[in-house]
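Chains, contacts and geometry: an overview
Now for the letters of each chain:
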Amino acid sequence: MSQIEIVIDEKKYAAQEGLLLIDLLIREGLKVPYFCYHEALGADGNCRMCMVEIEGQKRPQIACDTNIKEGMIVRTKGQMIESVRRRILELELINHPVDCAICDQAGECKLQDFYMDYGLYDSKIDQAEKVHHKKHIDLGSNVMLDQERCVLCARCTRFTSDITKTHELGIVGRGDHARVTTMPGKKLDNPYAMNVVDLCPVGALTSKDFRFAQRVWFLTSTPSVCHGCAKGCNIFIDHNKEKYKDERIYRFRPRPNADVNGYFICDAGRLSYKELQENRQLEMLIDGMVSKEDEAVACYHKLVADGGKIVILADANLYTEELEAIQKYAHILGAQLCAPLESYRDESFGDDWLKSSQRAANAKGVEKLGIAQILSTDPVALLINFNHPDGSKIKAQKSIHLQTHQMEGKADLVLPLAPFSESSGTLVNEDGIEQFCPKAIWRNEPLMSAIEWIDLLQGGER
Amino acid sequence: MRECRIVSQKFDIYQSHKLDIAKEHGAYSSLKDAFALSPHEIVEIIKLSGLRGKGGGGAPAGAKWALMPQDGAQTSYLAVNCDESEPGTFKDRQIISKDPHLLLEGIIITCYAIRSHSAYIYIRGEYSQFAKILQEAIDEAYGAGILGADVMGLGYGVDVTIHRGAGAYICGEKSAMLESLEGKRGHPRLKPKRPEPEWYFGNPTLVNNVETITTVPYIIKHGANGYRAYGTEQSPGTLLFAISGHINKPGVYEAEFGTPMMEYINRYGGGIRGGKKLKAVIPGGASTAVLTAAEAECAILDYEHMRTIGSALGTGGMIVMDEDTDMVEALKNLLEFYHHESCGQCTPCREGTGWSDTLLGRVLDGKGSNEDIDKILELAKTMDGQTICVFAPAVAIVIRAFIGKFRDEFEARVNR
């Protein structure tokens, strides 16, 4: 395919011949409304919103079914094309309940957006004349359906038929009685089901987990990488800080990355945000008793100074930078460092798409740094465990645990550690792709990352 | 006006759907001639004959056949469209119940011409009785060695399978029909950018109307010029015109293209019922623009002429309306049909058919306004040319013709 030039709204653009016009419009950030088209699902041509004017064509054409050709002259603006969009949009809204005030999609709804862009007319139909369908249907897998809000773009049904190939969702009925549903008695049931919530451009499919928890315009999105397994799916962490309270995460959303996860994430990863807010280790404990920082640091130095063989365990979910710091620190202490990866393997979890059986997010990073993976069974004098799940398996006379979450087993000293959302760093996914995660969550009383702890313990300032 | 019997030759013969009776009257006699020709030669004859698709569109059949791959490297199919659901159209059911063997004969020749060994006949779900007759004919043909691995010992195999639809008008649209035949929802497909065959499970497929295929044996027997002896230069041959409504003799009668409409209505339809005056005619199935009596007076039944008077020949299924007809009620009847039958894929059609029906309902109930009538016309504009298939544009044509030609009747309802 050769590089060609086309003109859109009197401006020249270079692109690959045969590329879908809508892809070019999206890529160049030109405004084009659409419901049914999706980069992962391709064109379906049913919503008819992405109409553009093409010189030489008698009628407006849909951009999602137009391949670009040399010398093509396209107009996305102008009275004619805008009136076409406006009239089609009016039809989309005829049987829509217009219940934005109580709709969870409000704020990220394409119908709302396009109405503000192209609509702005008064309703000409009485509520009584609208076609009514079922509301709040629990489809299963945390997905709720409101058939009246649906624009029948078929993204969800195409996702289950083309992507997961599980075929749970379909459209039944004809004309304005068409609606999305499952087979009688069947549920939406696959490990990727909640992606239909993101795919849905309107409020027809909402997440049972997220809905009514927060208005989306209060949320801040920070790009990150899911720590559910070694795949390293790109996500957005959507979070909000209410006054005086600690900042909270409300949901994970997939962040498109063609090299890693495409446009989707698995439900397990999506819901893993909950773990970041439950059962957290927030206090410093000496022999199980809450203590202050200076006491804890003094206790730490005493335990280390008592001498004997030291083993350091490192969690394979830690960022590469943290692992490096630990590696250096182990060298200084003359301690044996290991990060057994076998502990994270879960064969029941993996599949041939986005879910990996290696559930440690930075397993590849551990391998790259050449950190030992054999767990020593010999008794040791002191164990310093940076959040590795197998800390209790080591026979140690004394133990220090730096942990993000409360763990079973006793430790002489417990220090709280910041989880990935509260620090920043790099991960290497199972395919060797390095990905950076910025810090997303700022607590009122911030926790320290492994690097910060090591700095402090080596005499640095907090 | 000449009598012509190309497709309807055996319609009046008692039990003509039985194989032995059909054979007595010449069924399958064209096969020998056909197999003496090469597939390419048959396609050329069809092209020369000027045969046009008889399902409503009137596109040249030969050109469509020529799109099929000629090397036979890939499995190909013939899909015969018998999803006859257009209001006012009921010609195909006559063929499959009165002369199914002529259809099978046409199928065998067509399959040979496009190098296909399997044909599917997609029959409208409601035609259960007619499907049964056709199935019996197919069974008889298999029994007699006419269908199957070796057609009449001519060394070519053809299998014919009936598929009954589930009752959706849209499945008469060829790509929706193939979707339905593949076991999916009958939704029209996006149209290809350049001429190409249809696709059935990824294989090239020819889709033709029942009557088109049934015309093929005559053309093979009498040659392209034999067929061109009827009709006009651009619309050669004949069509099974159907006539219904306020007339004395509703039915299906074959006539050549170029026949004046009134002559047809008076001679075959037996004139307007009760000696009443003619008010309007829908010329070619519900989806063509309605003609006023004055327009019908000078209408001539061929594709070109009907287009010049702003309508279309369509399927040739005429619906005749006398002076007592309420045009508002008549349009409401049609809009209810389109509202019920829109497949619901494209937004303008899914919502436009429903809303225009609702608005016209307001007008009929005496609760409407002139604004409602204008809104219906605006909806027609939105539905025209902005959807995947031609369903919505057809609704737009119907609305514009009815309101445009009989606006005073609509306004009278509003001002009541």
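Above this note sits the structure.
Overview of the structure. Every chain begins its residue count from 1, and numbering advances along the sequence as written. Chain A is the first chain written and ligand 1 is the first ligand written, with later ones labelled in order. Residue-level local features of this predicted model are given only where pLDDT is at least 70; pairs of side-chain atoms are given and counted only at 80 or more, and the full residue set underlies all totals for whole chains, interfaces and linings. The side-chain values count all of the structure's non-hydrogen atoms but skip hydrogen atoms and water molecules.

Attention now goes to the overall build of chain B. Tallying secondary structure elements over chain B gives 17 helices and 12 strands in all. Summarising its shape, the C-alpha atoms of chain B cover approximately 70 × 45 × 35 Å along the three principal directions. Relative to its 416 residues, chain B shows a buried fraction of 62%. Any two residues having at least one pair of non-hydrogen atoms within 4.5 Å are treated as being in contact. Long-range pairs, those at least 24 residues apart, make up 70% of the contacts in chain B with a sequence separation of at least 6. We count a stretch as a helix when DSSP gives it H or I for four or more residues in a row; a strand needs E for two or more, and each element gets its number in order from the N terminus. Any residue under 20% of the maximum accessible area for its type is buried, any over 50% is exposed, and the rest in between are partly exposed; the area is computed with a 1.4 Å probe on protein chains only.

Bringing the pairing of strand β1 (residues 3–8) of chain A into the picture now. Residue and element names in this part refer to chain A. Across the two faces of β1 the burial differs, with I4, I6 and I8 buried and Q3, E5 and V7 not buried at all. Examined bridge by bridge, β1 and strand β2 (residues 11–16) share six bridges and lie antiparallel to one another. In the strand pairing of β2, Q3 is matched with Q16. For two strands to count as paired, DSSP must find a minimum of two bridges between them. Between β1 and β2, which pair antiparallel one after the other, the connecting turn spans two residues, and D9 there sits at a positive phi close to 45°.

For the rest of this paragraph, the subject is the pattern of salt bridges. The salt bridge criterion pairs a side-chain nitrogen of Lys or Arg with a carboxyl oxygen of Asp or Glu, the two atoms within 4 Å. For the coordinates displayed, the defined rule picks out 59 salt bridges over all chains. Note that R189(B) and E179(B) form a salt bridge whose closest N and O atoms lie 2.8 Å from each other. With R189(B) in the loop between α8 (174–181) and β4 (198–200) and E179(B) in helix α8, this residue pair connects regions lying 10 residues apart in the sequence. One exposure class covers both R189(B) and E179(B), and it is buried. For K332(B), the salt bridge is made with D357(B), and the minimal N-O distance between the two is 2.8 Å. Remark: D357(B) occurs in helix α14 (residues 347–364) and K332(B) occurs in helix α13 (residues 327–341); sequence separation between them is 25 residues. By relative accessible area, which is 13% here, K332(B) ends up buried. For D357(B), a relative accessible area of 8% gives the class buried. Among the charged side chains, a salt-bridge network with shared partners connects D99(A), K135(A), D146(A), E148(A) and R149(A).

Here strand β3 (residues 51–54) of chain A shows two buried faces, one formed by M51(A) and E53(A) and the other by V52(A) and I54(A). Following β3(A), the chain reverses through six residues before pairing antiparallel with strand β4 (residues 61–62) of chain A; G56(A) in that reversal takes a positive phi of roughly 95°.

Bringing the sheet that holds strand β6 (residues 137–140) of chain A into the picture now. Residues and elements named next belong to chain A. Pairing is antiparallel in the open sheet, where three strands are placed in the order β6-β7-β10. Each edge of the open sheet carries a strand with a single partner, namely β6 and β10 (205–207). On average, each strand axis in the sheet is tilted by 35° relative to the strand beside it, whichever way the strands run. What counts as an axis is a line fitted to C-alpha atoms, over the stretch in contact for a helix, and the angles between N-to-C directions run from 0 to 180 degrees.

With that settled, the discussion passes to the nonpolar core. Considering soluble globular proteins, one finds that nonpolar side chains tend to be buried as a cluster. Among the nonpolar cores identified, the biggest contains 86 residues, and I6(A), I8(A), L21(A), I22(A) and F35(A) are the most heavily contacted of them. Ranked by residue count, the leading element in this core is helix α2 (residues 79–94) of chain A, at five residues. Each nonpolar core is a collection of buried residues, namely Ala, Val, Leu, Ile, Met, Phe, Trp, Tyr and Cys, held together in the definition by side-chain atoms within 4.5 Å. Core analysis: the second largest hydrophobic core is formed by 61 residues, A34(B), V43(B), M68(B) and I162(B) among them.

Here the focus is the packing of aromatic side chains. A pair of aromatic rings is counted whenever rings of Phe, Tyr or Trp (Trp by its six-membered ring) have centres within 6.5 Å, and the orientation is called stacked for planes under 30 degrees apart, edge-to-face for over 60 and tilted otherwise. Scanning the entire structure with this criterion turns up 26 aromatic pairs over all chains. Relative to F218(A), the ring of W217(A) lies with its centre 6.2 Å away and its plane at 55°, an arrangement referred to as tilted. Of the aromatic side chains, those joined through ring pairs into one cluster are F241(B), Y253(B), F257(B), Y264(B), Y268(B) and Y303(B). It is R251(A) that lies over the ring of F210(A); its NZ or CZ is 4.3 Å from the centre. One cation-aromatic arrangement involves R359(A) over F349(A); the distance from NZ or CZ to the ring centre is 3.6 Å. Charge-over-ring contacts are defined here by two conditions on Lys NZ or Arg CZ: a distance within 6 Å of the ring centre and an angle within 35 degrees of the ring normal.

Residue and element names in this part refer to chain A. Using only the protein atoms, space was sampled on a 1 Å grid; points where a 1.4 Å probe fits but cannot get out form cavities, open sets with protein on both sides within 12 Å along at least five of seven lines form pockets, and lining residues are those with an atom within 4 Å of a point. Grid points are joined across faces, edges and corners, and a volume is the space filled by probe spheres set on the points. For the second largest pocket, the calculated volume is near 880 Å³. Considering the residues around the second largest pocket, the lining is formed by 37 residues, among which E108, K110, R155, D198 and R253 are closest to the centre. Looking at the lining of the second largest pocket, the elements with two or more residues in it are α3 (110–118), α5 (195–199), β10, β12 (234–240) and β13 (248–254). Polar here means any residue other than Ala, Val, Leu, Ile, Met, Phe, Trp, Tyr, Cys and Pro, which are nonpolar, and Asp, Glu, Lys and Arg, which are charged; Gly is therefore polar. Split by residue class, the lining of the second largest pocket holds 18 nonpolar, seven polar and 12 charged. Here the lining of the second largest pocket spans two domains, since at least three of its residues come from each of domain 1 (3–77) and domain 2 (92–207). Residue ranges labeled as domains rest on an automatic or database domain assignment.

Here the phi dihedral of A154(A) falls at roughly 65°; this positive angle occurs in a residue that is not glycine. For A154(A), the position within the fold is in the loop between β7 (143–145) and α4 (155–163). The exposure class of A154(A) is buried, given its relative accessible area of 9%. Despite not being glycine, Y28(B) has its phi angle at roughly 65°, a positive value. Considering the arrangement of structural elements, one finds Y28(B) in the loop between α1 (19–24) and α2 (31–36). What makes Y28(B) buried here is its relative accessible area of 3%.

The pairing of strands in a sheet happens through backbone hydrogen bonds and is either parallel or antiparallel. Residue and element names in this part refer to chain A. Strand order in the open sheet made by the three strands is β11-β12-β13, with antiparallel pairing throughout. A strand with exactly one partner marks an edge of an open sheet, and here the two such strands are β11 (220–225) and β13. Between one strand axis and the next, the sheet turns through 30° on average, direction left out of account. As paired strands, β12 and β13 are joined by six bridges and run antiparallel to one another. If you follow D238 over to β13, its bridge partner there is R251.

All names here are of chain B. Between the first and last C-alpha of helix α6 (residues 100–113) there are 20 Å, a value that for 14 residues agrees with the 20 Å anticipated at 1.5 Å per step. With 14 of 14 residues buried, α6 is to be regarded as a mostly interior element. Of the residues flanking the end of α6, it is R115, one or two places downstream, whose phi is positive at about 60°. Each residue after the first adds 1.5 Å to the expected span of a helix.

At the interface, 34 residues of chain A touch 33 residues of chain B. Both sides together, the interface formed by chain A and chain B hides about 2,800 Å², and carbon and sulfur atoms give 50% of it. When two parts are put together, the accessible area they lose, computed with a 1.4 Å probe and summed over both, is reported as buried area. Contact with chain B buries area across many residues of chain A, yet R87(A), L91(A) and R174(A) alone supply 27% of it, more than any other trio. The interface formed by chain A and chain B includes six salt bridges. For the salt bridge of R59(A) with D384(B), the shortest nitrogen-to-oxygen distance reads 3.6 Å. For this analysis, a polar contact is any N or O atom pair within 3.5 Å, provided that within protein one partner can donate a hydrogen and the other can accept it, and provided that sequence-adjacent residues contribute only side-chain to side-chain pairs. Where chain A touches chain B, the interface holds 19 residue pairs in polar contact (both at pLDDT 80 or more). Among the elements that take part in the side of chain A that touches chain B, α2(A) stands out by supplying seven residues, more than any other. Residues belonging to the side of chain A that touches chain B are distributed by class as follows: 14 nonpolar, eight polar and 12 charged.

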